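# Reading the structure
Listed below are the residues making up each chain.
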Amino acid sequence: MRLQTKILVFWLLVMPGIVKSQQDKTNEHKADVIVYGGTSAAVIAAVQVTKMKKSVILVSPDRHLGGLSSSGLGFTDTGDKSVIGGLSREFYQRVYQYYQNEETWKWQTKEDYGNVGQGTPAIDGENKTMWIFEPSIAERIFEDFVQDYNLQVHRNEFLDRKNGVEKNDGHITSITTLSGKKFKGEVFIDATYEGDLMAASGVSYHVGREANRVYNEQWNGVQIGVLHHHHHFGDMKISPYRIPGDSTSGVLPRISTEYPGKKGEGDTKVQAYCFRMCLTKVKENRVPFEKPEGYDPDQYELLARIYESGWDRTFKKFDPIPNLKTDSNNHGPFSTDNIGMNYDYPEASYERRREIVKEHENYQKGLFYFLATDPRIPKKTQLEFNKWGLAKDEFVDNGNWPYQLYIREARRMIGEYVMTEHDILNRKPIDASIGMGSYSMDSHNVQRYITPEGYVQNEGDIGVHLDKVPYKIHLGSILPKQEECSNLLVPVAVSSSHIAFGSIRMEPVFMVLSQSAATIAVLAIQSNQPVQEVPYHQIKKLLIEDGQVLDKK
């Protein structure tokens, strides 16, 4: 064989291996801590690691950072604001600074804003914090964090949930995304709403509502007959059937014909999701509501009957945020919450999740179009509703539609410590606090069913006021059981019962817990210990130094 031929054969055989090796190296990324998620908590965790002088990579399935905080939830659920410390408080201080600039007030003056917040003024001049804000301002702040701390962020990177987690003796060594990128680290933080990394790592978790007997609770499980807030049918006596009163005529859309369960029993159903809507009346900045693809007015027949019964609280939750915009949330028996259409979301494939998200989008767009155009909507309500529209200067690369569906609850870890209503209600002492919460125990509706009397009713909406606030959040609630994984922290899909999670699941609290998780991650690396074995006194000392509020007496 000629020399030239031998060389050619050699390169044909060897070169592909060399190229693949080079590609593998290009696709490998290493840092002390790998944070998975694009939420507000994910960004804060990455910042804290950087502040503690360790390397970090933020692996985000999202292109836009901030989760719900930058996707319409601008009328912040806070509770006792004095217990929101550390980097979480810094976020709201940065909001305050943005709104000190005159150029931020494009559509109204600061003086005309009104300063309405949840329980306290939106703008707290004394503490230089602002709790109410526009989605675009929030996203800008998260991007400022990225720039200020020179964070390495890989966007649009989805964890390979089937084969992407490599473990060795209970220790995650790397995660790989669907694009083929591999991320190696000493400690990993799952900061997703869904708990995808946690689940793929073999950590125990729960989906749905536990029976009350599991943790000896009162407000968990099915809550038939409990009608809190105003998100139910009360005594409207509205028929669920296509021909009112005729059960043989078929059931209207979006009403379950299944037995709803017995009060206090557990189930695998999930509280409703929705998009938090940023709306405006400003003509120059308003995008009218358009008919969505596949629009079917029959889907909203139940709403028409509600109006015919005399109900009209349409604009009750058009909460004002700056620049004449709103954070519009679900309100009433039939609203933006897409009840019963998300049960499979927590465990669903990415493809199926996209279908669920799209169905929710079409449902809400159809709802708005129905309100704007259907002749059965009261004229006064319809005229007022048509003054509103999507904000043209928000979500500008997404048709002015929010980026993130409100995943109120998905998986919840079963970790070293499970937070229950007894902790939230301050009935149990907690000796290892990593942050505090104070919001009421809150769950949105889980199902819409037919009562034995033959009427439609909603179930699952709970709002339990806390007599003693704030409460401590236990260290063990963000730690998996050590035998399941020794180098993972979970500050969002935390270890808690359904109803306890209903209080913990607030964006400021997620940011608090993620800072604490990042602190533990760095301490574990420094001492070469499992995250479960880092001494609490070391954690507590650093958290207090960094402005976290762990107790309030």
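About the thresholds
- Residues numbered from 1 in each chain as written.
- Predicted model: local features only at pLDDT ≥ 70, side-chain atom pairs only at ≥ 80, totals over all residues.
- Heavy atoms only, no water.
- Helix = DSSP H or I, 4+ residues; strand = E, 2+ residues; numbered from the N terminus.
- Buried < 20%, exposed > 50% of the residue type's maximum accessible area, 1.4 Å probe, protein only.
- Polar contact = N/O pair within 3.5 Å; in protein donor to acceptor, adjacent residues only side chain to side chain.
- Contact = heavy atoms within 4.5 Å.
- Axes fitted to C-alpha atoms, helices over the stretch in contact; angles between N-to-C directions.
- Parallel < 35°, antiparallel > 145°, perpendicular 65-115°, else oblique.
- Left-handed = near helix turned anticlockwise from the far one by under 90°.
- Phe/Tyr/Trp six-rings, centres within 6.5 Å; stacked < 30°, edge-to-face > 60°.
- Lys NZ or Arg CZ within 6 Å of the ring centre and 35° of its normal.
- pLDDT = per-residue confidence, 0-100.
- 1 Å grid on protein atoms, 1.4 Å probe; cavity = no way out; pocket = protein on both sides within 12 Å on 5 of 7 lines; lining within 4 Å.
- Points joined across faces, edges and corners; volume = space filled by probe spheres on them.

Among the structural elements, serine 70 can be located in the loop between β3 (56-59) and α3 (86-98). The buried category is assigned to serine 70, whose relative accessible area is 2%. Separated by 2.7 Å, the side chain of serine 70 and the backbone oxygen of leucine 65 make a polar contact. Ignoring sequence-local partners within four residues, the contact set of serine 70 consists of Leu65, Pro135, Ala138, Glu139, Phe142, Phe395 and Tyr403.

A few words on the environment of glycine 476. Mapped onto the elements, glycine 476 comes out in the loop between β25 (471-474) and β26 (488-489). The spacing of glycine 476 and glutamate 347 is 129 residues in sequence and 24 Å in space, taken between C-alpha atoms. With near-sequence residues (within four places) excluded, glycine 476 lies in contact with Gly415, Glu416, Tyr417 and Ser495.

The next subject is the packing of helix α7 (residues 301-308) against helix α8 (residues 350-373). Across the interface, α7 lies against α8 with an axial gap of 11 Å and an inter-helix angle of 45°. Of the possible angle classes, the one that applies to α7 and α8 is oblique. Note that α7 runs across α8; the crossing there is right-handed. On α8, the residues that touch Leu303, Ala304 and Tyr307 of α7 are Leu367, Phe370 and Leu371.

A separate point is the packing of aromatic side chains. For the coordinates displayed, the defined rule picks out 27 aromatic pairs. Ring geometry for phenylalanine 315 against phenylalanine 385: centres 6.3 Å apart, planes inclined by 35°, an arrangement best described as tilted. Placement of phenylalanine 315 in the loop between α7 and β16 (318-321) and of phenylalanine 385 in helix α9 (residues 379-385) is noted, with a sequence separation of 70 residues between them. Ring geometry for phenylalanine 395 and tyrosine 403: centres 5.1 Å apart, planes at 90°, overall edge-to-face. In this structure phenylalanine 395 comes out as buried when scored by relative accessible area, which is 4%. These aromatic residues form a ring-pair network of at least three members: Phe289, Phe315, Phe318, Phe368, Phe385 and Trp388. If you follow lysine 81 out to its NZ or CZ, it ends over the ring of tryptophan 131, 5.8 Å from the centre. Above the ring of tyrosine 345, the side-chain terminus of arginine 353 is found at 5.0 Å from the ring centroid.

To continue, consider the confidence of the model for the protein chain. Residues at a pLDDT of 70 or more form 95% of the protein chain, whose mean pLDDT is 94. Contacts from residues 6-15, a stretch scored under 50 in pLDDT, to residues over four places away or in other chains number four contacts. Across residues 17-23, confidence stays below pLDDT 50; counting only partners more than four residues off in sequence or on other chains, it has one contact.

Let us now look at empty space enclosed by the protein. Evaluation of the coordinates by the stated rule reveals three cavities of 30 Å³ or more. In this structure, the largest cavity encloses a volume near 180 Å³. Forming the boundary of the largest cavity are 17 residues, of which Thr314, Phe318, Ser335, Thr336 and Leu371 lie nearest the centre. Those elements that place two or more of their residues in the lining of the largest cavity are α7 and α8. Tallying contributions element by element places α8 first for the lining of the largest cavity, with three residues.

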